Amino acid sequence: MTGPVVVGFDGSPESLAATEWAALEAQRRGLGLEVLQAWPWPKRDVVGSDQTYHRALAHLADREAGLRALVPGVPISSEAVAADPVEALEASSRTAAVLVLGSRGLGTVRGFLTGSVSQEVLRRSACPVVLVRAHESEPTGPVTVGLDLAHPAEEVLAFAFEAAALRSAPLRVVHVWSPPAGSEYMSYGAIGGLEGEVSAVERTGLAEALEPWRARHPEVEVTDELVRGKAAVELVDSAATARLLVVGRRTRHLPLRHHHLGPVAHAAIHHVHCPVAVVPYG
């Protein structure tokens with residue numbers, strides 16, 4: 001998608017980090033940046049509300065000016081909308097290349113996203129959503145992507161390879177697998193033989209899934225890892241040294257209220273310290 005990078009802003013430290021990350025991402029991608037401030041404004045005749053409204057607009061204008069200085073040449077616009085945050089962000093996601101939000105981790109996305117709003121945005125967004133924590137500088141290390149061979153999503157791999165290429169960073173592909181159900185009742189010798197066979201099959205599948213992407217991006221240094229365990233746990237551990245973690249969110253043709261995050265994405269957005277990209281696929 002060639003739309004802009006859209007970032008939510010509310011003045012919190014997390015949203016300041018998110019706007020900086022989004023501006024640099026727009027610069028890397030050669031795209032425009034849109035800064036969105038959204039919440040249902042109170043009636044302007046309520047005492048103090050008019051001052052709050054103008055103060056918020058001034059803060060937004062100041063942030064836009066700061067971002068223009070950070071990334072000269074990147075087209076930047078900002079908008080304050082009196083709308084439900086979920087509806088405003090979902091609407092933006094339909095035309096955005098990437099949607100960026102500030103995140104506290106271990107809880108909800110902060111600021112104009114409160115309560116269940118953050119997960120609603122993640123569930124409903126039509127484009128990749130990147131959650132950014134407040135920090136002093138972007139982490140170093142590889143771009144890390146979790147790959148599920150049962151659903152080897154093209155969208156997830158495309159985003160991960162592009163992110164690595166844009167940063168001239170190595171890409172670490174992690175596939176987590178578990179022994180077949182019922183193997184715990186087998187003898188130790190049988191378990192070892194079975195796990196060896198399963199591991200070989202998984203290794204072959206991983207190589208085959210990555211082969212076309214390695215060919216498309218020969219400039220990206222790729223390492224692949226086969227890890228036994230629970231995906232939600234192992235990917236959080238793998239992200240400890242990453243500059244960006246990429247995970248997928250499988251979309252289903254269901255009413256919006258039934259959309260949900262999988263356990264891997266849920267664990268990542270709550271427990272990973274580096275920026276996390278949640279990419280819809282399906």
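Small disclaimer: the values here were computed from a predicted structure and weren't measured.

*Asks:* How would you explain the overall build of the protein chain if you had to name every residue and give the values?
*Replies:* Helix and strand content of the protein chain: 8 helices and 10 strands. Taking contacts inside the protein chain between residues at least 6 apart in sequence as the whole, the part at least 24 apart equals 79%. Accessible surface for the protein chain amounts to roughly 13,400 Å². Of this, 54% is attributable to carbon and sulfur atoms.

*Asks:* Could you give an account of the packing of aromatic side chains, naming the residues involved and the relevant values?
*Replies:* All chains considered together, the criterion is met by 1 aromatic pair. With 5.9 Å between their ring centres and 25° between their planes, phenylalanine 161 and tryptophan 213 make a pair best called stacked. Of this pair, phenylalanine 161 sits in helix α5 (residues 154-167) while tryptophan 213 is found in helix α6 (residues 188-216), placing the two residues 52 residues apart along the sequence. Over the face of the ring belonging to tryptophan 21 we find arginine 28, whose NZ or CZ atom lies 5.9 Å from the ring centre. For the cation-ring pair, arginine 216 lies above tryptophan 213, with the distance from its terminal atom to the ring centre recorded as 4.2 Å.

*Asks:* Give a description of the confidence of the model for the protein chain that names residues and reports values.
*Replies:* This prediction gives the protein chain a mean pLDDT of 83; 80% of its residues lie at or above 70. In this model, residues 106-115 is a region of pLDDT below 50 whose contacts with residues beyond four sequence positions or in other chains number 32 contacts. Note on residues 182-194: pLDDT under 50 across the span, and 5 contacts to partners over four residues away in sequence or across chains.

*Asks:* Any chance you could break down the side chain of threonine 144 for me, citing the residues and the numbers?
*Replies:* Take threonine 144: it is sitting in strand β6 (residues 143-146). Ignoring any residue separated from it by four or fewer positions in sequence, one finds threonine 144 in contact with Arg172, Val174, Ser238, Ala242, Leu244, Leu245 and Val246.

*Asks:* Provide a residue-level description of the environment of leucine 57, including the pertinent values.
*Replies:* Among the structural elements, leucine 57 can be located in helix α2 (residues 49-70). The partly exposed category is assigned to leucine 57, whose relative accessible area is 28%. For the pair leucine 57 and alanine 80, spaced 23 residues apart in sequence, the C-alpha to C-alpha distance is 7.1 Å.

*Asks:* Give me the packing of helix α1 (residues 13-29) against α5: which residues, what numbers.
*Replies:* Where α1 meets α5, the closest approach of the two axes is 10 Å, and the angle between their N-to-C directions is 85°. Relative to α5, the element α1 lies roughly perpendicular. The residues of α5 that touch α1, namely those facing Trp21, Glu25, Arg28 and Arg29, are Phe159, Glu162, Leu166 and Arg167. Grouping the amino acids of the contact of α1 with α5 by side-chain chemistry returns 3 nonpolar, no polar and 5 charged.

*Asks:* Help me get a handle on the nonpolar core, residues and values and all.
*Replies:* Counting 49 residues, the largest nonpolar core has Leu33, Val100, Val130, Leu171, Leu244 and Val246 as its most contacted members. Ignoring sequence-local partners within four residues, the contact set of valine 130 consists of Trp21, Val98, Leu99, Val100, Leu101, Phe159, Leu244, Pro275, Val276 and Ala277. Counting 31 residues, the second-largest nonpolar core is a separate cluster that includes Val6, Leu101, Ala239 and Ile269.

*Asks:* Explain helix α3 (residues 85-93) to me, using residue names and the numbers behind them.
*Replies:* Residues three or four positions apart in an α-helix share a direction because the helix packs 3.6 residues into each turn. A large share of α3 lies buried, amounting to 7 of its 9 residues. When α3 is considered as a whole, its buried residues turn out to be Pro85, Val86, Ala88, Leu89, Glu90, Ser92 and Ser93. Where α3 begins, one side-chain oxygen reaches toward the backbone nitrogen of valine 86, 3.1 Å away; that side chain belongs to aspartate 84.

*Asks:* Give me the sheet that holds strand β9 (residues 244-250): which residues, what numbers.
*Replies:* With respect to topology, 10 strands assemble into an open sheet ordered β3-β2-β1-β4-β5-β10-β9-β6-β7-β8, the strand pairing being mixed. At either end of the open sheet lies a strand with only one pairing partner, and these are β3 (76-81) and β8 (222-228). Across the sheet, the mean angle from the axis of one strand to that of its neighbour is 20°, orientation sign disregarded. With 6 bridges joining them, β9 and strand β10 (residues 276-281) adopt parallel strand pairing. Bridging across to β10, valine 246 finds its partner in alanine 277.

Parameters at a glance
Residues numbered from 1 in each chain as written. Predicted model: local features only at pLDDT ≥ 70, side-chain atom pairs only at ≥ 80, totals over all residues. Heavy atoms only, no water. Helix = DSSP H or I, 4+ residues; strand = E, 2+ residues; numbered from the N terminus. Contact = heavy atoms within 4.5 Å. Areas by Shrake-Rupley, 256 points an atom, 1.4 Å probe, with all protein chains shown as cover. Phe/Tyr/Trp six-rings, centres within 6.5 Å; stacked < 30°, edge-to-face > 60°. Lys NZ or Arg CZ within 6 Å of the ring centre and 35° of its normal. pLDDT = per-residue confidence, 0-100. Buried < 20%, exposed > 50% of the residue type's maximum accessible area, 1.4 Å probe, protein only. Axes fitted to C-alpha atoms, helices over the stretch in contact; angles between N-to-C directions. Parallel < 35°, antiparallel > 145°, perpendicular 65-115°, else oblique. Nonpolar A, V, L, I, M, F, W, Y, C, P; charged D, E, K, R; others polar. Core = buried A, V, L, I, M, F, W, Y, C linked by side-chain atoms within 4.5 Å. Polar contact = N/O pair within 3.5 Å; in protein donor to acceptor, adjacent residues only side chain to side chain. Pairing = 2+ DSSP bridges.

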